Amino acid sequence: MLKRPSLGIARPLVVAAAFLAIAVASPGTAQAQSPMVVGSDRGGYLHDRLIELENLQRHGIQVEIRGRVCYSTCTMFLGLPGTCVDPNTTFGFHGPSRSGRRLAQADFDYFSEVMASYYPEPLRTWFMDKGRNRINGVYKIKGTELIRLGIPACRTA
């Protein structure tokens, strides 16, 4: 007859390891993510920014826009929950294009909607009515104006 091995000292170690595994895996014990601070950002490709926005949203990372400028696709951070802005940042808005060239109307409308979906009201309505129609250059809006429209100001350090 085979004898079952005694756990002896191993039992407390197994129990301790199990508790440690549960504690590490438990979401309640994870430290809160630090906010992502956006410095001067002149934008970029819409596809790349959409991936970045999805990752930030999925992980619940808040964004602080504190740079000198936030142009083009950088402005889409404004639609993420908890995003705040520095009153001195200048935001630059323009419509979708292909390297500065106009898109076909159906594409222009579609990508305008995609961009606008990341803006809180009333910025979304303004963008669809006016902001998207500028292709060359940008409409500049100071952070103070966005704060006046209801976007939270970042706390000073």
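Residues numbered from 1 in each chain as written. Predicted model: local features only at pLDDT ≥ 70, side-chain atom pairs only at ≥ 80, totals over all residues. Heavy atoms only, no water.

A. Broad picture of the state of the cysteines. One pass over the structure, following the stated rule, counts two disulfides. Between Cys70 and Cys74 runs a disulfide, and the two sulfur atoms are separated by 2.1 Å. Sign of the S-S torsion, about -110° for the bond between Cys70 and Cys74, identifies this disulfide as left-handed. For Cys74, a relative accessible area of 0% gives the class buried. For Cys84, the disulfide goes to Cys154, at an S-S distance of 2.1 Å. Between Cys84 and Cys154, the disulfide has an S-S torsion of 95° and is therefore right-handed. Taken as a pair, Cys84 in strand β4 (residues 84-85) and Cys154 in the segment after α5 (143-148) lie far apart in primary sequence, 70 residues in all. The exposure class of Cys84 is buried, given its relative accessible area of 9%. Its relative accessible area of 9% is what places Cys154 among the buried residues. (Disulfide = S-S within 2.5 Å. Buried < 20%, exposed > 50% of the residue type's maximum accessible area, 1.4 Å probe, protein only. Helix = DSSP H or I, 4+ residues; strand = E, 2+ residues; numbered from the N terminus.)

B. Highlighting the sheet that holds β4. Spatial strand order, β1-β2-β4: three strands in an open sheet with parallel pairing. Both outer strands of the open sheet, β1 (36-38) and β4, are each paired with one neighbouring strand and no more. Sheet topology places strand β2 (residues 63-65) next to β4; two bridges connect them, and they run parallel. In the strand pairing of β4, Ile65 is matched with Val85. (Pairing = 2+ DSSP bridges.)

C. Up close: the pairing of strand β6 (residues 139-142). Burial of the side chains of β6 is restricted to one face: Tyr139 and Ile141 are buried, whereas none of Lys140 and Lys142 on the reverse face is. One ladder, built from four bridges, connects strand β5 (residues 90-93) with β6; its direction is antiparallel. Note that in β6 the partner of Phe91 across the bridge is Ile141.

D. Structural view of the layout of surface pockets. In this structure, the largest pocket encloses a volume near 530 Å³. As for the largest pocket, its lining consists of 20 residues, of which Gly44, Tyr45, Leu46, Ser97 and Arg98 are closest to the centre. Put simply, the parts of the chain that give the lining of the largest pocket at least two residues each are α2 (46-58) and α3 (105-116). Ranked by the residues each element gives to the lining of the largest pocket, the list is headed by α2, at three residues. For the lining of the largest pocket, the per-class residue count stands at nine nonpolar, ten polar and one charged. (1 Å grid on protein atoms, 1.4 Å probe; cavity = no way out; pocket = protein on both sides within 12 Å on 5 of 7 lines; lining within 4 Å. Points joined across faces, edges and corners; volume = space filled by probe spheres on them. Nonpolar A, V, L, I, M, F, W, Y, C, P; charged D, E, K, R; others polar.)

Purely spatial values, then, with no claim about function.
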